[in-house]
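Architecture and fold: a report
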Amino acid sequence: MSPAPDPRLELALSGRLGPLALDLRLDLPLAGVSLITGPSGAGKTTLLRCVAGLTRLEGEVSVAGAAWQDRSRFLPPHRRPVGYVFQDARLFPHLSVRRNLGFGAERAGPGPRGALSLEAVAARLGLTPLLDRSTVALSGGERQRVAIGRALLSEPKLLLMDEPTASLDAGARREVIALIGELARDLRMPVLLVSHDPGPVAHLASGHIQLEAGRIKSVSAMDGGGRDPIEGMSEADRDALARAAVLAGLSPLPPGP
Amino acid sequence: MTEAVWTTLRLATVTTALLLLVATPLALWLARGRGWVREVVAAVTALPLVLPPTVLGFYLLLALAPGSPAMALLRPFGIESLAFTFAGLVIGSMIYSLPFAVQPIRNAFEAMGDAPWEAAATLRASPLETLLNVALPLARRGLLSAGLLVFAHTVGEFGVVLMIGGAIPGRTDVVSTHMFQLVEASNTAQAGGLAAGLVAFSFLALVGVMLLDRRLGRVAG
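In every chain, residue numbers begin from 1 and rise along the written sequence. The order in which chains are written sets their letters, starting at A; the order in which ligands are written sets their numbers, starting at 1. The model is predicted, so local features are restricted to residues of pLDDT at least 70 and side-chain atom pairs to those at 80 or more, both for listing and for counting; the totals for chains, interfaces and linings are taken over all residues. As a rule here, side-chain values come from all non-hydrogen atoms in the structure, and water together with hydrogens is ignored.

**Let's talk about the overall build of chain B**
Helix and strand labels come from DSSP, where a helix needs a run of H or I of at least four residues and a strand needs a run of E of at least two; each type is numbered from the N terminus. When helices and strands are tallied, chain B shows 11 helices and zero strands. Ordered by position from the N terminus, the helices and strands of chain B form the series α-α-α-α-α-α-α-α-α-α-α. Overall, the C-alpha framework of chain B stretches about 65 × 45 × 30 Å when taken along its three principal axes. For chain B, with 221 residues in total, the buried portion stands at 42%. Counting contacts in chain B only where the partners sit at least 6 residues apart, residues at least 24 apart contribute 72% of the total. Using a 1.4 Å probe, the Shrake-Rupley method yields the accessible areas, and only the shown protein chains count as cover for residues. Here chain B has roughly 11300 Å² of accessible surface; of this, 72% comes from carbon and sulfur atoms. In this scheme, a residue with accessible area under 20% of its type's maximum is buried, one over 50% is exposed, and one in between is partly exposed, where area comes from a 1.4 Å probe on protein chains only. Here, two residues are considered to be in contact whenever any of their heavy atoms come within 4.5 Å of each other.

And the structure:
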């Protein structure tokens, strides 16, 4: 632990949304990928929306020491330096890929990462050949990559992703997940990632928040960052790999967590 | 006769432009606001749909005549009466066509839902910036429909303009009132010419708008 306090996300929120009574208390380091899982209707999306200011519950939210919500204030969403990647991408259909990417950047001004240029982000996301296209005919994976790029270019302090791969086919899903991992690591971008199926993304995660019925059930640290290749593998894949290793004359892998 | 055509086009153009300016914020509030006040305003907005134009015209005439409370408010600006004036005609046409402007724009805002507003807000756009850069462009087909309906409706109106305009040649005499006078004077030939011209104009306007609408539709879904 360093003596300077690490930036943290702290929130304490409670309230009722439809049939769900929520009571969310969370104190997380702002680093790495924090995976948020839980059954549907547990409040995963609500948690993200409250951090972004899109949903308002009673309580407090502070990010890296800045109060975004407390007794006397509620910072509106456009004043909060977050990036939000929606499950359905929500690209602006009347704007080109380039203007979608630039939408937030124009307003954010130079941020802590400063040198993030539209061209560099587009190249990194493999969007360069699509820049002057309309967003209407893009594939699901392309749409989600534009949505991620658009959020990154708005210079967020925190990236919120709500099931960013849920509507993608297997190939596009792998590609987008790999991208999220690289970006979080290379840009040191803290990510809150909601997923109903933690399997494919678990290897990225440095923390795991489990929700149940509007409450935080558990918060645990994970070993993520993509260093350990077996992290996040399914039990079956692990077993298969272990058998292959034994057959090849190597010692079997350690048992899964 | 040419005068009546010009007055009609001028009235329809001015009414359409001003009404779009008024109806857009109203439609936005009706689509996105909350509470019972909104329902009441929605009903009032739709009232001109069900009222006979002559009833609407009658009340407007009272309101625009000298000595009415509305005119008392305008007195300091040197305006005594708006009855039988072009300005009065514009006010009457705007009220008469209000539901035709509000409904398509409101539908467009309701169809897009919260999603674009939320996406823009997370990209630092204030509500006003979102309105100008996202919501209005996405609602453009609704705005186009509203503009067309108001224009056509204003060209075609009769009861209201007769009541508050009085069909004064060169000022408040429009095609519909002019045609009525021609028929009354048994001038069927001129009335027929005017009617045919109006049919042709309406048809061409509709074709033009449909082509424009398809173009807008192609640019975005």
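Let's pick the thread back up.
**Remarks on the layout of surface pockets**
Using only the protein atoms, space was sampled on a 1 Å grid; points where a 1.4 Å probe fits but cannot get out form cavities, open sets with protein on both sides within 12 Å along at least five of seven lines form pockets, and lining residues are those with an atom within 4 Å of a point. Grid points are joined across faces, edges and corners, and a volume is the space filled by probe spheres set on the points. By volume, the largest pocket is sized at about 460 Å³. In terms of lining residues, the largest pocket is bounded by 15 residues, among which Pro-77 of chain A together with Arg-32, Asp-114, Trp-117 and Glu-118 of chain B are the most central. Those elements that place two or more of their residues in the lining of the largest pocket are helix H6 (115-121) and helix H7 (127-138) of chain B. Only Asp, Glu, Lys and Arg are considered charged in this grouping, and only Ala, Val, Leu, Ile, Met, Phe, Trp, Tyr, Cys and Pro are considered nonpolar; every other residue, Gly among them, is considered polar. For the lining of the largest pocket, the residue count by class is seven nonpolar, three polar and five charged.

**Here's the deal with the interface of chain B and chain A**
Taken together, the contact pairs 21 residues of chain B with 24 residues of chain A. Accessible area, probed at 1.4 Å, shrinks when two parts are joined; the buried area is that loss added up over both. Summing the contributions of chain B and of chain A, the shared interface buries around 1800 Å²; its carbon and sulfur component is 66%. Contact with chain A buries surface across chain B, with Thr-122, Leu-123 and Arg-124 of chain B losing the most and accounting together for 40% of the total. Here, a salt bridge means any side-chain nitrogen of Lys or Arg that lies within 4 Å of a carboxyl oxygen of Asp or Glu. Our count for the contact surface shared by chain B and chain A stands at three salt bridges. Here a polar contact means two N or O atoms within 3.5 Å. Within protein one must be a hydrogen donor candidate and the other an acceptor candidate, and residues neighboring in sequence count only if both atoms are side-chain atoms. One can count seven residue pairs in polar contact (both at pLDDT 80 or more) joining chain B with chain A. Mapped onto the side of chain B that touches chain A, the elements with two or more residues apiece are H6 and H7 of chain B. The residue makeup of the side of chain B that touches chain A, split by class, is 13 nonpolar, four polar and four charged.

**Observations regarding the environment of Ala-213 of chain A**
All names here are of chain A. Locating Ala-213 in the fold gives a position in the loop between strand E9 (205-212) and strand E10 (215-221). In this structure, the C-alpha to C-alpha distance between Ala-213 and Pro-39, residues 174 residues apart in sequence, is 8.2 Å. If we skip the residues at most four places from it in the chain, Ala-213 touches Leu-20, Ala-21 and Ala-42.

**Some points on the pattern of salt bridges**
Pairing is possible between side chains of opposite charge, provided their charged atoms come close. Considering all chains together, one arrives at 21 salt bridges over all chains under this definition. The shortest N-O distance in the salt bridge between Asp-23 of chain A and Arg-215 of chain A comes to 3.3 Å. You can see Asp-23 of chain A sitting in strand E2 (residues 20-29) and its partner Arg-215 of chain A sitting in strand E10, a full 192 residues away along the chain. Linking Asp-132 of chain A and Arg-98 of chain A is a salt bridge whose minimum nitrogen-to-oxygen distance equals 3.2 Å. On the criterion of sequence distance, the pair formed by Asp-132 of chain A in the loop between helix H3 (118-124) and helix H4 (140-153) and Arg-98 of chain A in helix H2 (residues 97-108) is long-range, its members being 34 residues apart. According to the relative accessible area criterion, Arg-98 of chain A is partly exposed, its value standing at 30%. Overlapping salt bridges, with partners in common, bring together Arg-49, Asp-88 and Arg-90 of chain A together with Glu-118 of chain B in one network.

**Description of the packing of H4 of chain A against helix H5 (residues 170-186) of chain A**
Residues and elements named next belong to chain A. For helices, the axis comes from a line fit to the C-alpha atoms of the stretch in contact; other axes are also lines fit to C-alpha atoms, and the angle between any two N-to-C directions lies between 0 and 180 degrees. Following both chains from N to C, one finds H4 and H5 inclined at 15 degrees, their axes separated by 10 Å at the closest point. With respect to each other, H4 and H5 are oriented roughly parallel. Of the two possible hands of crossing, H4 and H5 adopt the one that is right-handed. Between H4, through Gly-141, Gln-144, Arg-145, Ile-148 and Leu-152, and H5, the contact on the second element is made entirely by Ala-172, Glu-175, Val-176, Leu-179, Ile-180 and Leu-183. What sets the label is the angle itself: under 35 degrees gives roughly parallel, over 145 gives roughly antiparallel, 65 to 115 gives roughly perpendicular, and the rest give oblique. When the near helix sits turned anticlockwise from the far one by under a right angle, the crossing is termed left-handed; a clockwise turn instead gives a right-handed crossing.

**Focus on empty space enclosed by the protein**
All names here are of chain A. Scanning all chains against the criterion turns up one cavity of 30 Å³ or more. Going through the elements one at a time, E2 and strand E8 (191-194) are the ones with two or more residues in the lining of the largest cavity. Partitioned by chemical class, the residues of the lining of the largest cavity number nine nonpolar, two polar and no charged.

**Concerning helix H1 (residues 44-52) of chain A**
Residues and elements named next belong to chain A. Burial runs high along H1: eight of the nine residues are buried. Those residues of H1 lying buried are Lys-44, Thr-46, Leu-47, Leu-48, Arg-49, Cys-50, Val-51 and Ala-52. In the stretch just after H1, Gly-53 is the one whose phi turns positive, near 85 degrees.

**Considering H5 of chain A**
All names here are of chain A. For a helix, the expected span equals 1.5 Å multiplied by the number of residues minus one. The end-to-end C-alpha distance of H5, which contains 17 residues, comes to 24 Å, matching closely the 24 Å that a straight helix rising 1.5 Å per residue would cover. All of the buried residues in H5 are Ala-172, Val-176, Ile-177, Leu-179, Ile-180, Gly-181, Leu-183 and Ala-184. Where H5 is buried, its residues meet strand E3 (33-37), H3, H4, strand E7 (158-162) and E8. With its phi angle positive at about 50 degrees, Arg-188 sits one or two positions after the end of H5.

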